[in-house]
Amino acid sequence: MDNFRNMALPNTSLLLFVLQMCALAWQAWAIVDLRMEDTVEVYMDDFAEIPCLYTFTEKPMMVMVQWFVREREGHRVRISFSDLTMQKVDENTSYSDRISVRSNSDGETLTIQDVKLSDEREFFCQVSGLAAGNGEGRTLLKVFDPPEPPVIEGVLSGVSVSGDSLAKIASCETREGFPKPNITWYRDHIPIHPANGLANMVTLVTRESSGLYTVQSELQYKVTKEDKDAHFSCEVSYFVPGAVRTSESKGINITVHYPTTSVEIWKESPEGFVKEGDTVEIRCQGDGNPPAPIIFNREQSDVELDSYQGLLVLKEVSRADSGVYECHSLDADAVNHDELVDTLQLTVHYLDPAVVVPKDSEVMLKGESLTATCNALSSLETTTVWFKDGIEVGRGHIMQLQDATFDTAGQYDCEVTVASLPGLLTSGSVHIIVQGSPQMKDAEREIELTEKVGGWVNLSCEVRGHPRPTITWSITGSQSQSWREVVKRETEDQVQSVVMLKVTTDTVAVCNSTNDFGMETKTYSIRSIPFSQTPTARKTSVDNSGVIIVVIIVSILLLAILGSVFYFLYKKGKLPCGRSGKQEITKEKTNKDDIVVEMKAKKTEESVLLKGVNGEQKPPIDQNSTLSS
């Protein structure tokens, strides 16, 4: 009869009510089936539906359904009632404005809106079919609210590996979840379990006024040097309707303090070989954390070198900076102080100025041989290249000059380089002077010319030698005042002289070149011819040349006459060709007195053109009236 303790009395007589109760008691087991779910799970602030399904073995005359909820104190309170005539939500309960009941052919469904944490309790469905039987079922409503993602914080000051006690390294917090969430710690994604002397977790659970849980967990851990690269994280696991979910925090790396056990030194710059003048940076670093102070010194020297935060800078190094450099760690927590040292061998490569033998200049006699050397002291293997006038003439430290000629003379430059270190380069030079008697540039030593009387000729003489030869002219035959020197050019070992001579008679002109080693001559034999004859270069028959000239002049006159006739006919219009086809015939007037004489020596010699106009002969402009003595 406890099931009907709170049942509302219908508006019937007390006797009828007693009879009904007796009938219900008699038929208590006549109901065939009443089905309710053991639990219904729902998110907070959502709605919940609790079904109550029932069937009777025989059709009841009336069905009465009542819904109850168990209060925190343990007693039950009715929240809804329905029968054939009415369906009513009880007033003055915590569910009066949040529930509704929906009936169907096989039962009823209780719907709860805006579910709260306080709604997590048992709900009862009581069904009465009077004589057809009755029954009761219950459902536990479970409410869930996921917590916020976990927040992890590491110890900012760092953790030391010294000591045997556990140290707090991080904390993790998740807020406002229901039911209470759980926190698990991970190291590099591997779970950390409590272990005596190695790890411990201190958890603090707080129930907020809202009924939600906030969970804080502190990880206490025995840190080792290997933990400096490890990542720690925490994971919160919590229940949701029908499942368990997790949320992981970001990973953090904790700062681990540990003493220095070794140091390392290396050359940071420049890369490769070091040469004189470079700026060298040497770095030294220990494996402790925080980094301990570093000092530098040279081997077998107690003098501390200036450095900053483990960096030694050597500016514009020289070979004197070569040697062994040491660095030391000054870690007060280190155990093996004497072993905290490392060394570096620094080699500064050099290339001294080039030494050329013979030095500066060397005088050779024509036909002699000479061995010249060019080298430079270096810490690396060198290569030497010889140049003359910018053109490579040899390779190697030794240069051989055989059978010297005047062309051998000049300046020879040598460059000494280091193939493995391109920045090293030096150079030197030697000036070679080749001495010898004068040497004419022309192979011919005797030249014969012919020239008409009163004509002008140019005579050239170009000589090489060292010391530089002196040129003098000796002229016999023509008058002394009828010739002059018009060109004179001089270099270190060459001289060129050009004289202009007016032929008045047969003449012999001799170019004499002399220096300390000898003399060389060049002779011009000039045969004069009467004014009416044409001069020739070399021996030429006067009669034959006169005949040729007469033939040429007659031919020209005939062509001129013929051209005049054709031109006259053309003007009169008696030629068969039209205007479009006229041809122009130009008479070329030639004077047999117009005579040209030109004498050229080589490309370097001066050429002078003499031309007589209307029988007169005019000398060219005087370029140099001074004769070399």
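Throughout, a residue's number is its position along its own chain's written sequence, starting from 1. Owing to the predicted nature of the model, reporting of local features is limited to residues with pLDDT of at least 70; listing and counting of side-chain atom pairs is limited to 80 or more, with chain, interface and lining totals taken over all residues. In computing side-chain properties, one takes all heavy atoms of the structure into account and sets aside hydrogens as well as water.

S.K.: Can you lay out the overall build of the chain for me, pointing to particular residues and giving the numbers?
M.R.: Looking only at helices and strands, the chain has two helices and 46 strands in total. A simple rule labels every residue: compare its accessible area, found with a 1.4 Å probe on the protein chains alone, to the largest value its type can have, and call it buried under 20%, exposed over 50%, or partly exposed in between. Burial status across the chain gives 39% buried among its 629 residues. By definition, any uninterrupted DSSP run of H or I lasting at least four residues is a helix, any uninterrupted run of E lasting at least two residues is a strand, and each is numbered from the N terminus.

S.K.: Please give an account of the side chain of Asn-515 that cites residues and values.
M.R.: One can find Asn-515 in strand 42 (residues 507-515). Engagement of the side chain of Asn-515 in a polar contact is seen with the backbone oxygen of Gly-436, the distance being 2.9 Å. Two N or O atoms count as a polar contact when they lie within 3.5 Å, although within protein this holds only if one can serve as hydrogen donor and the other as acceptor, and sequence-adjacent residues are included solely when both atoms are side-chain atoms. Only 3.0 Å separates the side chain of Asn-515 from the backbone oxygen of Pro-467, close enough to count as a polar contact.

S.K.: Could you give me a rundown of the side chain of Asn-512, with the residues and numbers involved?
M.R.: The topology assignment puts Asn-512 in strand 42. Setting aside its immediate chain neighbours within four residues, Asn-512 contacts Thr-470, Ile-471, Thr-472, Ser-474, Glu-520 and Thr-521. The contact rule is simple, with two residues in contact once any of their heavy atoms fall within 4.5 Å.

S.K.: Pulling in residues and values, what's your account of the sheet that holds strand 13 (residues 167-177)?
M.R.: When DSSP locates at least two bridges between a pair of strands, those strands are taken to pair. Here four strands make up an open sheet; going across it, the order is 11-13-17-16 and the pairing antiparallel. Each edge of the sheet is formed by a strand with only one pairing partner; in this case those strands are strand 11 (151-154) and strand 16 (199-207). For this sheet, the mean angle separating the axes of adjacent strands, direction not counted, is 15°. Pairing geometry for strand 11 and strand 13, over four bridges, is antiparallel. By the bridge assignment for strand 13, Val-151 is matched with Glu-173. Each axis is a line fitted through C-alpha atoms, taken for helices only over the stretch in contact, and angles between the N-to-C directions span 0 to 180 degrees.

S.K.: With reference to specific residues and values, describe the sheet that holds strand 43 (residues 518-529).
M.R.: As summarised here, the arrangement of the four strands in space is 37-43-42-39, forming an open sheet in which the pairing is mixed. Edge positions in the open sheet fall to strand 37 (446-452) and strand 39 (470-476), since each of these has one partner strand only. Pairwise comparison of adjacent strand axes, ignoring direction, gives a mean angle of 20° for this sheet. Summarising the sheet, strand 39 and strand 42 pair through seven bridges and their orientation is antiparallel.

S.K.: If you had to explain the confidence of the model for the chain to someone new, which residues and values would you point to?
M.R.: When pLDDT is averaged along the chain, the result is 82; 82% of the residues meet or exceed 70. Low pLDDT, under 50, characterises residues 536-545; the predicted model gives this stretch 15 contacts beyond four residues in sequence or across chains. Per residue, pLDDT captures the predictor's confidence, and it can take any value from 0 to 100. Contacts from residues 577-629, a stretch scored under 50 in pLDDT, to residues over four places away or in other chains number 100 contacts.

S.K.: Provide a residue-level description of the pairing of strand 17 (residues 213-221), including the pertinent values.
M.R.: The pairing of strand 13 with strand 17 spans eight bridges and is antiparallel. Across the sheet, Ala-170 pairs through a bridge with Leu-219, a residue of strand 17. Bridge count between strand 16 and strand 17: nine bridges; the pairing is antiparallel. Looking across to strand 17, one finds that Val-205 is bridged to Val-215. Counted along the chain from strand 16 to the antiparallel partner strand 17, the turn is five residues long, and its residue Gly-211 has a positive phi close to 95°.

S.K.: Give me the lowdown on the packing of aromatic side chains, citing residues and values where you can.
M.R.: Each aromatic ring pair is specified by the distance between its two centres and by the angle formed by the two planes. Two aromatic rings, drawn from Phe, Tyr or Trp (for Trp, its six-membered ring), form a pair once their centres lie within 6.5 Å of each other, and the interplanar angle then sorts them: stacked below 30 degrees, edge-to-face above 60, tilted otherwise. Evaluated as defined, the whole model comprises five aromatic pairs. Relative to Tyr-213, the ring of Phe-178 has its centre 5.8 Å away and its plane inclined at 20°; by these criteria the two rings are stacked. Note that Phe-178 is positioned in the loop between strand 13 and strand 14 (182-187) and Tyr-213 in strand 17, a separation of 35 residues in sequence. Residues Phe-178 and Tyr-213 agree in their burial class; the two are buried. One cation-aromatic arrangement involves Arg-76 over Phe-68; the distance from NZ or CZ to the ring centre is 5.2 Å. To sit over a ring, a charge needs its Lys NZ or Arg CZ within 6 Å of the ring centre and within 35 degrees of the ring normal.

S.K.: I'd like a rundown of the state of the cysteines, residues and numbers included.
M.R.: Cysteine sulfur pairs qualify as disulfides if the two atoms are within 2.5 Å. Per the stated rule, a full pass over the model turns up five disulfides. Here Cys-284 pairs with Cys-327 through a disulfide, and the sulfurs are 2.0 Å apart. Between Cys-284 and Cys-327, the S-S dihedral sits near 55°, and the bridge is therefore right-handed. Note that Cys-284 is positioned in strand 23 (residues 280-286) and Cys-327 in strand 26 (residues 323-329), a separation of 43 residues in sequence. Neither residue differs from the other here; Cys-284 and Cys-327 are each classed as buried. Disulfide partners in the chain, listed by the sequence order of the bonded cysteines, are 1-2, 3-4, 5-6, 7-8, 9-10.

S.K.: Just give me the short version of the nonpolar core, but keep the residues and values in it.
M.R.: The tendency in soluble globular proteins is for nonpolar side chains to be buried side by side. Ranked by size, the top nonpolar core spans 28 residues in total, and within it Trp-67, Leu-110, Ile-112 and Phe-123 carry the most contacts. Of all the secondary structure elements, the ones that give two or more residues to this core are strand 2 (39-43), strand 3 (48-56), strand 4 (64-70), strand 7 (99-104), strand 8 (107-112), strand 9 (122-128) and strand 10 (134-144). Looking at this core, the element that brings in the most residues is strand 3, giving five residues. Ranked by size, the runner-up nonpolar core spans 23 residues in total, among them Ala-354, Val-356, Leu-380 and Val-430. Here, the term nonpolar core denotes a set of buried Ala, Val, Leu, Ile, Met, Phe, Trp, Tyr and Cys residues that are joined through side-chain atoms within 4.5 Å.

S.K.: Which residues make up a nonpolar patch on the surface, and what values go with them?
M.R.: Residues enter patches when they are more than 30% accessible in relative terms and free of salt bridges; like-charged ones are connected within 9 Å and nonpolar ones (Val, Leu, Ile, Met, Phe, Trp, Tyr) within 5 Å. The Shrake-Rupley method, run with a 1.4 Å probe, gives the accessible areas here. Residue values count only the displayed protein chains as cover. Think of a salt bridge as a Lys or Arg side-chain nitrogen and an Asp or Glu carboxyl oxygen that are within 4 Å of each other. A cluster of nonpolar side chains, Val-554, Leu-558, Ile-561 and Val-565, forms an exposed patch at the surface whose accessible area comes to about 360 Å². Examined against the element boundaries, Val-565 turns out to sit in helix 2 (residues 542-572). We classify Val-565 as partly exposed; its relative accessible area is 42%.

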